Amino acid sequence: MVMQLLSLFRRDNSPAKPSQKKVNHEWDRPVEFIFSLISTSVGLGNVWRFPYLAAKSGGGAFLIPYFILYFLIGAPIYYLELALGQFSSRGPATAFILAKGWQGVGFAMIINSVLCMLYYNVIISWALFYLVASFRKNLLWAKCGNWWNDDRCFIPGVQNSTYRIDQTLYNCTQAQYENISEYSCVPINEKDRVTASEQFFYKLLLGKSNSFEDFGTPQLYPTLALLGAWIIVGLCIIRGMKSSGKVAYFTAIFPYIALLILVIQSSTLDGAIEGIKFYIIPRWELVTKFETWQAAASQVFFSLGISFGSLMAYSASNKFKNNFFRQMCIVVSCDCLTGVFAGFAVFATIGYLAKELKEPIEKYAQSAGPGLAFITYPEAISHMPASTLFSILFFLMLLALGLGSQFALTDVPITSLLELFPRFKSKRSLAVILTCICSFLISLPFTCPGGIYLYDLLSEYAANLSMVVVGFFEVYTIAYIYGFNRFMNDVKMMLGKRAAEYYLFVTWCFISPILMLIIIFSKLISSKRMTIGAGGGFDEYIYPEWSVIIGWIIFLLCILPIPLVYLISYINEYRSTKNNESSQSLVSDSRDYFVNDDDYTIKPRYIEAITENNSPRDDWGPIKSVNHYGLYRHLKEAAIISEIDFDLTRASVCARLDNQNFEANTSE
């Protein structure tokens, strides 16, 4: 009994004085926070997704919807997440206690972050595999004749390309076709010819199967690469921002150096001008298509890293008076322009490849995502002088870009775990290790022959449209539930002014919610079954119907916490209101108790429960007691009362223990 009482004073959840409240570690320097934000926002999507979308959706004209949506949706939500995290010093798991019923918005962010974290590190593992394979004089994807190549393998080029006549493709060159009796040229299908770079990616690395149903078991090379990727992530974030903040110097700066080198080098290649023209020449008719605006919106969300909770987790470690607004302007500008800049390197290289192989630029401009980064670009590098050097540079850049975003994504569930279970805050290293181990094991299906189909499914349904849904509820909760005016007063406590007030009023309260609703419903209406085009030796593949059902279940899982938490919280508030009414009825004299029909302040129980559900939790506000003033003065008063109660409880327990000791000594 005595030991149990004494243990009360050793537990982390014992009453604490306000000055002793534990807060997250702070950044060593503001520049580390800026570099970490740049690493988070400037990721793989800037290199392989933006250039493809721009070329597909109108070239230079695509910049119109892109910049508009960046200004009207992306930047306002970026501001919101940085401000909320810094003001409350909380991550997404607890920041939304500013409206008790809407804490599910934060949980939805965590789910989006976890699902994206799982498949995003798979891409990093591919880049790591290619980087290791690049340390050779002759690149492995530059020629056929390796053990993973088959008879269909060929090296694109003037001397050994296939020959086409009257829409018929032959398995030989034009010179060989003219001497057909010697070479026995026969008609073949497109899928019967596979480039060496395609077979390196699909056969050696992925071991890709012919269908989702033929899933298989984990394979050696992708499993080892995935294990290596998770080890790197774990080592870099194990000490929080004390370690990831230092790594951010590399992950934020090196990609720009590498990108600059690649732009300069690729612009000197023959055919680069044609590729750049294809990239930047506007095709105005495509701007009016709704699909262009949908593509721009998804790129803005994914590129900036909003709705994942990582921005809030990072800004929660800022000093309370830190000027996050200035930092936001720097980071958003960098992210916005990086994609445009990367497009010059990508399309200059594509123009060179098209001219080198005497193919139309359109053929290679259709590549996006993994196809661009791991097939088209390596193919182009293999035809360049000093190919080994540029291959190392390119994949090291991809690795740095991916890791910066992956650090932030992985930090979200870890930070949330430590927030929800404060007694484990001193065991962050253990939480990081367990998270990385579990994530690696959960990610093993991606290393199976059918793993690429699972990757495509997750990238389509998880952390895609659900990000827009979460973004809508973020804005709605701040602007309409918590209140725009109150939130701007919170900003004033930090910055000394209501920074960008009119811009945020127009975007948060009107434009952003409307645009996001349009994007959400249009995407739902235009949704169709996923397909993978023919290529790489594979026929066109249409995903089975059961996979579509799984995809929508994943989507619902990403947003389910929002209505679920609201409903549970509402039921609790309704019961609490009912209990309060019961207590009042016991205290009141029944003869004097009556309802005045003219008293319009009285609310029915179900409305009162809604009001309470939309109100902040009692402990909402800045974490540090030094910032408990103004509207949050009650937190300091509550802390003083809690301290008095703590001292009284301690004194009472000590007196009881002294009593027990006295009685024991007397009896002896």
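Owing to the predicted nature of the structure, the values given are computational and were not obtained by experimental measurement.

What about the state of the cysteines?
Summed over the entire model, instances satisfying the criterion amount to one disulfide. Linked covalently through their sulfurs, C144 and C153 form a disulfide whose S-S length is 1.9 Å. Where C144 bonds to C153 through sulfur, the torsion about that S-S bond is close to -85 degrees, and the disulfide is left-handed. We classify C153 as buried; its relative accessible area is 10%.

Let's talk about the nonpolar core
The tendency in soluble globular proteins is for nonpolar side chains to be buried as a group. Judged by nonpolar contacts, the single largest core of 191 residues is most densely connected at Y78, Y79, F374 and W508. If you tally residues by element for this core, the top one is helix α7 (residues 104-133), at 19 residues. Here Y79 is in contact with F324, F325, M328, M488, V491, A499, L504 and W508, once residues within four sequence places are set aside.

What to know about empty space enclosed by the protein
Rolled over the atoms, a probe as big as a water molecule pinpoints where empty space is left. One pass over the structure, following the stated rule, counts nine cavities of 30 Å³ or more. The volume enclosed by the largest cavity comes to roughly 130 Å³. T40, Y120, F302, F308 and S405 are, among the 16 residues lining the largest cavity, the residues nearest its centre. Counting only elements with at least two residues in the lining of the largest cavity, the list comes to α2 (30-41), α3 (44-48), α7, α14 (290-304) and α19 (387-420). Across the lining of the largest cavity, the residue classes tally to seven nonpolar, nine polar and no charged.

Some remarks on the UniProt feature "binding site: Na(+)" (unreviewed entry) in the protein chain
The feature "binding site: Na(+)" (unreviewed entry), as given by UniProt, occupies V42, N46, S303, L401 and S405 in the numbering adopted here. These annotated residues cover 364 residues of sequence, and their C-alpha atoms all fall within 11.7 Å of one another, placing them together at a single site. As for the lining of the largest cavity, the annotated residues named previously contribute N46, S303 and S405. Positionally, N46 belongs in helix α3.

Focus: the packing of helix α13 (residues 272-280) against helix α16 (residues 324-356)
Look at α13 against α16: their axes get within 6 Å of each other, and the N-to-C directions meet at 135 degrees. On the basis of their axis angle, the class for α13 and α16 is oblique. Relative to α16, α13 is oriented so that their crossing is right-handed. Together, A272, G275, I276, F278, Y279 and I280 of α13 and G339, V340, G343, F344, F347, A348, G351 and Y352 of α16 make up the contact between the two elements. Of the residues contributing to the contact of α13 with α16, the split by class is 10 nonpolar, four polar and no charged.

Quick notes on the rules
Residues numbered from 1 in each chain as written. Predicted model: local features only at pLDDT ≥ 70, side-chain atom pairs only at ≥ 80, totals over all residues. Heavy atoms only, no water. Disulfide = S-S within 2.5 Å. Buried < 20%, exposed > 50% of the residue type's maximum accessible area, 1.4 Å probe, protein only. Core = buried A, V, L, I, M, F, W, Y, C linked by side-chain atoms within 4.5 Å. Helix = DSSP H or I, 4+ residues; strand = E, 2+ residues; numbered from the N terminus. Contact = heavy atoms within 4.5 Å. 1 Å grid on protein atoms, 1.4 Å probe; cavity = no way out; pocket = protein on both sides within 12 Å on 5 of 7 lines; lining within 4 Å. Points joined across faces, edges and corners; volume = space filled by probe spheres on them. Nonpolar A, V, L, I, M, F, W, Y, C, P; charged D, E, K, R; others polar. UniProt positions renumbered as here; feature names shortened; annotations may be inferred. Axes fitted to C-alpha atoms, helices over the stretch in contact; angles between N-to-C directions. Parallel < 35°, antiparallel > 145°, perpendicular 65-115°, else oblique. Left-handed = near helix turned anticlockwise from the far one by under 90°.

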